[in-house]
Amino acid sequence: MQILGADLQALLVGASPQHMTAVLLLAAVTFVPLALLLASFANRRSRERHAQALVTPEFVNALIAPHHRNVCVVGASVVSIAHCGDGKASTTDRVVVRLTYGTNPAKLPTQAVLKVILLSKRLRIGSAIIFRITAFVAAVLRPIRLDRLVYSFINWYNYLLPHAPDSMYENEALVYRRIHPELPELQAGGALPRCLGTEVAPAERRCAVLMEDLSLRPGLQFPTARDELSLQHVASLLKQLARLHATYWESPRFEREVGRPDGCLPCPSPNPLPTL
């Protein structure tokens, strides 16, 4: 055992930085999977606890305030939660909430859907700094052809603990806050859900959208991600998307307001993808 220890010490002392990184990465790959499996098993229960703690009248009022004046929620409770993997949610959790109002001049519904990521930010790798660290490690390992281990690990991690880059959640909340109010025709036609409130908090790595519960609309169908869609259904979806994008097609406001001649909304956080 002492000989093995001495040989290993000699190997590490004489190793190049690339080989040292490879050894450390392989050691991490040995122990990290077990920790990830345990975290994934505990993930669902922790998300449910997080939802119960998050949905309070104070939190809901903070969401509603930027959109509807003089609305006061005095009671808020969780009805149900849909997670990624259920076939009913993406990486954003969908929490059905029941609301009790003290004052409600906007006549907001008493049941709504809260789209929010409930996975702890300590377990998410969607921040820009994590992407840059990942890119650096992959670049160091590329000469010895071990960079694919980094990407395989990320894919596996995201399979066990589904989530997306923070900028995707931020952009969705910003669209509902800034763009959604400018589309009254699509709202009146039923193509868009009514938005009750939003939260954009990049410093806390938390974004949320509180919207109408479309399951309460009569006649609407909600196919899961595994269901086959009819040609008529897809055609209707594309038509609504065309109406949405036609409203801002080659609009000069994007260049004027955001400085982007291509008409794209910028990510509120620095985009890490070019680094990769």
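Up top you'll find the structure we're talking about.
Residues numbered from 1 in each chain as written. Predicted model: local features only at pLDDT ≥ 70, side-chain atom pairs only at ≥ 80, totals over all residues. Heavy atoms only, no water.

Caption draft 1: Quick look at the environment of Arg206. If you trace the backbone, Arg206 turns up in strand β5 (residues 206-212). Separated by 88 residues in the primary sequence, Arg206 and Leu118 place their C-alpha atoms 9.0 Å from one another. Setting aside residues no more than four positions away along its own chain, Arg206 makes contact with Leu54, Phe59, Val116, Glu199, Val200 and Ala201. (Helix = DSSP H or I, 4+ residues; strand = E, 2+ residues; numbered from the N terminus. Contact = heavy atoms within 4.5 Å.)

Caption draft 2: Representation of empty space enclosed by the protein. With the rule as written, the count across this model stands at 2 cavities of 30 Å³ or more. Its boundaries defined by the atoms lining it, the largest cavity holds a volume of some 50 Å³. Around the largest cavity, the lining residues are Thr92, Lys115, Val116, Ile117, Tyr169, Glu172, Ala173, Cys207, Ala208 and Val209. Residue assignment for the lining of the largest cavity shows that the elements contributing at least two residues are β3 (111-116), α6 (166-179) and β5. (1 Å grid on protein atoms, 1.4 Å probe; cavity = no way out; pocket = protein on both sides within 12 Å on 5 of 7 lines; lining within 4 Å. Points joined across faces, edges and corners; volume = space filled by probe spheres on them.)

Caption draft 3: The sheet that holds strand β1 (residues 72-82), seen in detail. The strand order β1-β2-β3-β5-β4 describes an open sheet built from 5 strands, whose pairing is antiparallel. Of all the strands in the sheet, just β1 and β4 (195-201) have a single pairing partner and so form its edges. With strand direction ignored, the average angle separating the axes of adjacent strands in the sheet is 25°. Note: β1 against strand β2 (residues 93-103), 9 bridges, orientation antiparallel. Residue pairing in the sheet places Val73 in a bridge with Tyr101 of β2. In this fold helix α3 (residues 57-64) packs onto β1, β2, β3, β4 and β5, with an angle of close to 100° to the strand it touches most, β1. Those strands touched by α6 are β3, β4 and β5, and its axis lies near 140° from that of β4. (Pairing = 2+ DSSP bridges. Axes fitted to C-alpha atoms, helices over the stretch in contact; angles between N-to-C directions.)

Caption draft 4: Highlighting α3. Among the residues of α3, Pro57, Phe59, Val60, Leu63 and Ile64 are the ones counted as buried. Projected down its long axis, α3 carries its buried residues within an arc of 160°, all on one side. The exposed residues of α3 that point more than 90 degrees off its buried face are Glu58 and Ala62. (Buried < 20%, exposed > 50% of the residue type's maximum accessible area, 1.4 Å probe, protein only. Arc of directions from axis to C-beta.)

Caption draft 5: Seen up close, the nonpolar core. Ranked by internal contacts, the top residues of the largest apolar core, which has 22 residues, are Val95, Val97, Leu99, Leu114 and Leu210. Taken together, the elements giving at least two residues each to this core come down to α2 (17-54), α3, β1, β2, β3 and β5. Leave out the neighbours within four places in its chain, and Val97 touches Val55, Ser77, Val79, Thr110, Gln111, Ala112, Leu114 and Leu210. Ile117, Leu119, Ala173 and Cys207 belong to the second-largest nonpolar core, a separate cluster that totals 15 residues. (Core = buried A, V, L, I, M, F, W, Y, C linked by side-chain atoms within 4.5 Å.)

Caption draft 6: Representation of the side chain of Thr91 within the structure. In this structure, Thr91 sits in the loop between β1 and β2. Of the polar contacts made by the side chain of Thr91, one reaches the side chain of Tyr169; its length is 3.0 Å. Those residues in contact with Thr91, other than ones at most four positions away along the chain, are Arg47, Cys84, Ile117, Pro162, His163, Ala164 and Tyr169. (Polar contact = N/O pair within 3.5 Å; in protein donor to acceptor, adjacent residues only side chain to side chain.)

Caption draft 7: Representation of unusual backbone geometry. Even without being glycine, Asn70 reaches a positive phi, approximately 60°. Relative to the assigned elements, Asn70 resides in the loop between α3 and β1.

Caption draft 8: Up close: the environment of Met211. Residue placement: Met211 occurs in strand β5. It is 4.4 Å that separates the C-alpha atoms of Met211 and Cys195, two residues lying 16 residues apart in sequence.

Caption draft 9: Quick look at the pattern of salt bridges. For the structure on display, the rule yields 7 salt bridges. The partner of Arg47 in a salt bridge is Asp93, and the shortest N-O contact between them spans 2.8 Å. You can see Arg47 sitting in helix α2 and its partner Asp93 sitting in strand β2, a full 46 residues away along the chain. Two residues, Asp147 and Arg142, come together in a salt bridge whose shortest N-O distance is 3.4 Å. Asp147 gets classed as buried once you look at its relative accessible area, which sits at 13%. The network of salt bridges with common partners includes Glu199, Glu204 and Arg206. (Salt bridge = Lys/Arg side-chain N within 4 Å of Asp/Glu carboxyl O.)

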